[in-house]
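Read off the chains here:
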Amino acid sequence: MIHNPTIECMSREDMRKLQTERLIQTVKTCYEKVPFYRRKFDEMGLKPEDIQSLDDITKLPFTTKYDLRDEYPFGLNAVPMDQIVRIHASSGTTGKPVVGTYTAKDIENWAEGVARVMAVGDVGPGDVVQVSYGYGLFTGGLGAHDGAGLLGAVQLPTSSGNSEKQVMLMKDFGTTALCCTPSYALHLTEVMAKMGVTKDDLKLRVGFFGAEPWTWGIRRELEEKMGIKAIDIYGLTEMSGPGVGGECQYQDGTHIWEDMFYPEIINPDTLEPVAPGEEGELVFTSLTKEAMPILRYRTRDLTHLIYEPCKCGRTAVRIGKILGRSDDMLIIRGVNVFPSQIESVLSEFTVYTPQYFITVDRRDNEDTFDLDVELREEYFSPNPAKQMPFIKPLYDRLVSVCGIKPNIHILPPGTIERSNGKAKHVNDKRTHLINWK
Ligand code: DLL
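Model, not experiment: these values are computed from the prediction.

Moving on, we come to the domain arrangement of the protein chain. As far as domains go, the protein chain holds domain 1 (1-325) and domain 2 (329-428). Here the C-alpha centroids of domain 1 and domain 2 sit 31 Å apart. With 18 residues of domain 1 at the contact, the number on the domain 2 side is 16 residues. In total, about 1300 Å² of surface goes out of reach between domain 1 and domain 2, with carbon and sulfur atoms giving 50% of it. For domain 1, the biggest contributors to the area lost against domain 2 are Ser-91, Thr-93 and Arg-325; these three give 30% of the whole. Linking domain 1 with domain 2 are zero salt bridges.

Right under this line is the structure:
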């Protein structure tokens, strides 16, 4: 089912017209209402009137996660607080999160984006949509929740965790659509096996999985073990959350809702647009956001754009699978983690040296997160019991800043390999799992 055929199947010419009108308006709002953008424009000698067409977009400044951090928490807001109805957040590069604010209209548009993806799985009244993304500051839970609500489906807000209960409810309540990270969905298949629950015991028909990269291997496994069609849903807090785009039933790229988010691909080194169809970093300009309009946001996600028409009839441009990132952000169990966060937490503790090494792997379909750190000479003891008092505060602080539980290994000072040049802090062993077809 196509939720909004007028928009999703609009001719390229009409879409460009709509995007141009919205771009001009967004640029004007940014200049008039957001001091951060006004400053940037003035520095560049740019006036809102200089932007008259989509091609003019390259004249605009980029926005990065660092700008969001510097403007924390509300510096990019274009409306006063009495028009904001929701705040979400995701991991930033240090202890401060990236903030997303929403007006009532922004929440409506966001639900529209998610609904367009869920409509691919014919979700509607009578469907039970189990939302096993985390509810909270993370956009996954409430984003999927509102999308299901817009389609008139039953919202089942299980949030993440408590896996046996998730499987029990899925069976007892007749869940037809599941929303969670692909890695959590894989974990649920294992819990199902342990509980003796098979796909024949379930009414599941479709899953909307995203928030982290996943492969065709994972897709096949989920489709087989759950008896579903596994649909990729993409998004980021800075643009709204899930539902910036999603796959159609042909699973050949992710349609981007370009009436709301104008995509570009740039070379992350030169910052110049790449040739059509070439790989590079995805950049979005929001076209309808009221609370926090964003110009040329560097997502750091690496992919390419596909403008060829899709068999499903949608004309909305597609992105290929996200192939990686042009920064060092890790996504561990669906949570965004930056090595710089670890670094800034470590610097709060005088007992530790600044050296650290992160190892990420996947065991039994679950991401593992091991962190090697060194105690300073005067605190180190080979007796593990004596180290315990040092581990707990570091562990608690890391959980609070990064939102994820590390396995901390304390090593004697001088053990972690020092580098002569750029320090290497991460070994992500999951990369060998990335086999896209
Ligand atoms: O992960 C929003 C979301 C929630 C999307 C639920 C889909 C489902 P953030 O926490 O801000 O927002 O993280 C955004 O996650 O820049 C990508 O690197 C990655 N990401 C999101 N969806 C996908 C996907 C949410 N389908 C960052 N495939 C993005 C690959 C994804 N990576």
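Further notes follow.
In the structure shown here, the tally under the stated rule is 30 salt bridges. For the salt bridge of Arg-86 with Asp-146, the shortest nitrogen-to-oxygen distance reads 3.1 Å. Separated by 60 residues along the polypeptide, Arg-86 in strand β1 (residues 86-90) and Asp-146 in helix α6 (residues 139-150) bring together distant segments of the chain. Each of Arg-22, Glu-112, Arg-116 and Asp-259 takes part in one network of salt bridges that share partners.

Cut-off values and rules
- Residues numbered from 1 in each chain as written.
- Predicted model: local features only at pLDDT ≥ 70, side-chain atom pairs only at ≥ 80, totals over all residues.
- Heavy atoms only, no water.
- Domains from an automatic or database assignment.
- Contact = heavy atoms within 4.5 Å.
- Buried area = accessible area lost by both parts, 1.4 Å probe.
- Salt bridge = Lys/Arg side-chain N within 4 Å of Asp/Glu carboxyl O.
- Helix = DSSP H or I, 4+ residues; strand = E, 2+ residues; numbered from the N terminus.

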